[in-house]
Amino acid sequence: MGRVPAPARLVVLVSGSGTNLQALLDACQDPAYGARVVAVGADRDDIEGLARADRAGVPTFVKRVQDFSTREHWDRAMAETVAAFEPDLVVLAGFMKLVGQEFHDRFGGRVVNTHPALSPSFPGMRGPADALEYGVKITGCTLFVVDDGVDTGPIVAQRAVEVADDDTVESLHERIKGAERGMLVETVGRMAREGYTVEGRAVRFGGAGSSR
Ligand code: GRF
C-alpha cells in the first residue's frame, strides 16, 4: 500500500467575519481534501473569524499593530508565530494588513491572498466599490501569491461575477464573496494535493520542483 501523504498545514489570517475561513474549515473536514487548518491568526480581537476557529477547535493568536513599537516589530512577531505552526501554506483570507519584509523572507511563495476584484483591476481595500463606481459589467475575485505590492502578485485563480444594474456595494461584495469561497476552497485544495510552481508571473499546479 502506498504512503498516504500528510495533509498540508494551513495557517489562515483573518480580520473580519471569516466566511472564507469557514469554507476552508468545512472543506478540511474531508480527509480527501488534503489540507488542514493548524492555526488562525488575526490583527484584532473579538471578530467572528476567531470565534469560528474556536468553534472548530483550531488554535488562534492575535497580534495587534498598536501593541508593537514599530510595524517591523509587529511583522516579525506575526512571522515568528506563524512559523511556529510550520505551515506549508499561509492563507490571507480577508486579512486587512499588508505583511512586511520578515514575512516575505520567511514564507515567500507560500502566502496566498484573496482579493474581491479581477486583478489587475481595482487593487486595494475598495475592490467592490471601485468596480461599481467604474461601471464595469463583470468583476470577480482573484487568488494570488503575495509579493511586496498591493494585490499585485502572480495569479493562481480567478472567478468572474456579473454586476447587476441594481447592485449596491454590499450586494455586489456578497455575490463576489460567494464566488471567492468556492475559488479559495477549490484552489487551496489543488495547491495542497498537487503542489504548484511559481515562475515569474506564471503559477502552475503540479509538476516536479513544486513549492510543496
Ligand atoms: C473578502 O471579500 C476578502 O477578499 C476581502 O474581505 C472579505 C473577507 O470576508 N478582503 P470574510 O471575512 O472571509 O467573510
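Residues numbered from 1 in each chain as written. Predicted model: local features only at pLDDT ≥ 70, side-chain atom pairs only at ≥ 80, totals over all residues. Heavy atoms only, no water.

With respect to the overall build of the chain
And step 1. In terms of helices and strands, the chain carries six helices and nine strands.
And step 2. Since a compact globule built from 212 residues should have a radius of gyration of about 17 Å, the 17 Å found for the chain is in line with a globular shape.
And step 3. With respect to the principal axes defined by its C-alpha atoms, the chain has extents near 55 × 45 × 35 Å.
And step 4. The buried share of the chain, taken over its 212 residues, is 46%.
And step 5. A separation of at least 24 residues holds for 60% of the contacts in the chain among residues at least 6 apart in sequence.
And step 6. Approximately 10400 Å² of the chain is accessible, and the part contributed by carbon and sulfur atoms is 50%.
And step 7. In the chain, 24 positive and 30 negative side-chain charges are present, and the distance between their average locations comes to 4 Å. (Helix = DSSP H or I, 4+ residues; strand = E, 2+ residues; numbered from the N terminus. Rg over C-alpha atoms; globule rule 2.2 N^0.38 Å. Buried < 20%, exposed > 50% of the residue type's maximum accessible area, 1.4 Å probe, protein only. Contact = heavy atoms within 4.5 Å. Areas by Shrake-Rupley, 256 points an atom, 1.4 Å probe, with all protein chains shown as cover. Lys, Arg positive; Asp, Glu negative; His and termini not counted. Charge placed at Lys NZ, Arg CZ, Asp CG, Glu CD.)

Some points on the site of the ligand
And step 1. All residues adjacent to the ligand are Gly16, Ser17, Gly18, Thr19, Asn20, Gly94, Met96, Thr114, Pro116, His173, Lys177 and Glu180.
And step 2. In the model, an oxygen atom of the ligand is placed 2.8 Å from a nitrogen or oxygen of the Asn20 side chain.
And step 3. Protein burial of the ligand: of its 360 Å² of free accessible surface, 89% is covered by the chains.
And step 4. Of all the elements in the fold, those that place two or more residues in the shell around the ligand are helix H1 (19–28) and helix H6 (169–194).
And step 5. The element that contributes the greatest number of residues to the shell around the ligand is H6, accounting for three residues.
And step 6. Considered class by class, the residues forming the shell around the ligand number two nonpolar, eight polar and two charged. (Near = heavy atom within 4 Å. Polar contact = N/O pair within 3.5 Å; in protein donor to acceptor, adjacent residues only side chain to side chain. Nonpolar A, V, L, I, M, F, W, Y, C, P; charged D, E, K, R; others polar.)

A closer look at the nonpolar core
And step 1. Val12, Val37, Val40, Leu89, Val91, Val112 and Val188 are the most contacted members of the largest nonpolar core, which has 42 residues in total.
And step 2. The element contributing the most residues to this core is H6, with seven residues.
And step 3. Among residues more than four places away in sequence, those in contact with Leu89 are Arg9, Leu10, Val11, Arg110, Val112, Val188, Met191 and Tyr196. (Core = buried A, V, L, I, M, F, W, Y, C linked by side-chain atoms within 4.5 Å.)

Things to note about helix H5 (residues 127–134)
And step 1. Here H5 has its buried residues at Gly127, Pro128, Ala129 and Ala131.
And step 2. Backbone geometry just after H5 places Gly135 at a positive phi near 90 degrees.

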